[in-house]
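Analysis of the macromolecular model
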Amino acid sequence: MSVTILPIRDQEIYEEVRNKAYDNGHEVLQPTHMVVKDGEIIGAFSIQVSCASWWMNEGKAKNRDSLQAFQGMEAIMADRGIASYIMPCEKKSTYWELMQRMGYKIFKGEWGIFHKQLT
């Protein structure tokens, strides 16, 4: 039997999909669609993940500057209705050690960030 792809339309299904992935040893970032086979959710994907990217000049920006910029970024996201987001951070970044203290959760596993340009 083939798979069916269905949009995730409510919070209950959203949480079910995330829990199924987590229970299977994986995480799915802000899933928008689930993959169903024989009435069972067997996968999911997202076609739109809220992601922030961050850069601050280490020689010119002070901690207070970064905090103000961070708060401004989150205010803009909230204004756009974004309730959660991901943020890539390099291990060598001065922010790496702060991420979890600032409320970020690190995902299971080792991740890479890949890019594909569609024509």
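Read on for an overview of the structure. (Residues numbered from 1 in each chain as written. Predicted model: local features only at pLDDT ≥ 70, side-chain atom pairs only at ≥ 80, totals over all residues. Heavy atoms only, no water.)

**Some thoughts on the environment of Asn19**
- When you line up the elements, Asn19 lands in helix α1 (residues 11–23).
- Owing to a relative accessible area of 43%, Asn19 belongs among the partly exposed residues under this scheme.
- For the pair formed by Asn19 and Gly43, sequence separation is 24 residues and the distance between their alpha carbons is 11 Å. (Helix = DSSP H or I, 4+ residues; strand = E, 2+ residues; numbered from the N terminus. Buried < 20%, exposed > 50% of the residue type's maximum accessible area, 1.4 Å probe, protein only.)

**Concerning the sheet that holds strand β2 (residues 33–37)**
- Spatial ordering of the open sheet is given by β1-β2-β3, a layout of 3 strands whose pairing is antiparallel. Two strands lie at the open edges of the sheet, namely β1 (4–7) and β3 (40–45), each paired on one side alone. For this sheet, the mean angle separating the axes of adjacent strands, direction not counted, is 35°.
- Of the strands in this sheet, β2 and β3 are in contact with α1, which crosses β3 at around 90°. (Pairing = 2+ DSSP bridges. Axes fitted to C-alpha atoms, helices over the stretch in contact; angles between N-to-C directions. Contact = heavy atoms within 4.5 Å.)

**A closer look at the packing of aromatic side chains**
- Under the counting rule described, the total for this entry stands at 4 aromatic pairs.
- Both rings, one in Tyr85 and one in Tyr104, keep their centres 5.9 Å apart while their planes meet at 80°; by these two values the pair is edge-to-face. Residue Tyr85 is located in the segment after α2 (63–79), and its partner Tyr104 is located in the segment after α2; the two are separated by 19 residues in the primary sequence. Here Tyr85 matches Tyr104 in class, with each residue buried.
- An aromatic cluster of at least three residues, connected via ring pairs, comprises Trp54, Phe70, Tyr85, Tyr95 and Tyr104. (Phe/Tyr/Trp six-rings, centres within 6.5 Å; stacked < 30°, edge-to-face > 60°.)

**A closer look at the pattern of salt bridges**
- The final tally for this structure, using the stated rule, is 1 salt bridge.
- A salt bridge links Glu27 to Lys105; its shortest N-O distance comes to 2.9 Å. Remark: Lys105 occurs in the segment after α2 and Glu27 occurs in the loop between α1 and β2; sequence separation between them is 78 residues. (Salt bridge = Lys/Arg side-chain N within 4 Å of Asp/Glu carboxyl O.)

Just geometry here; none of it tells us what the structure is for.
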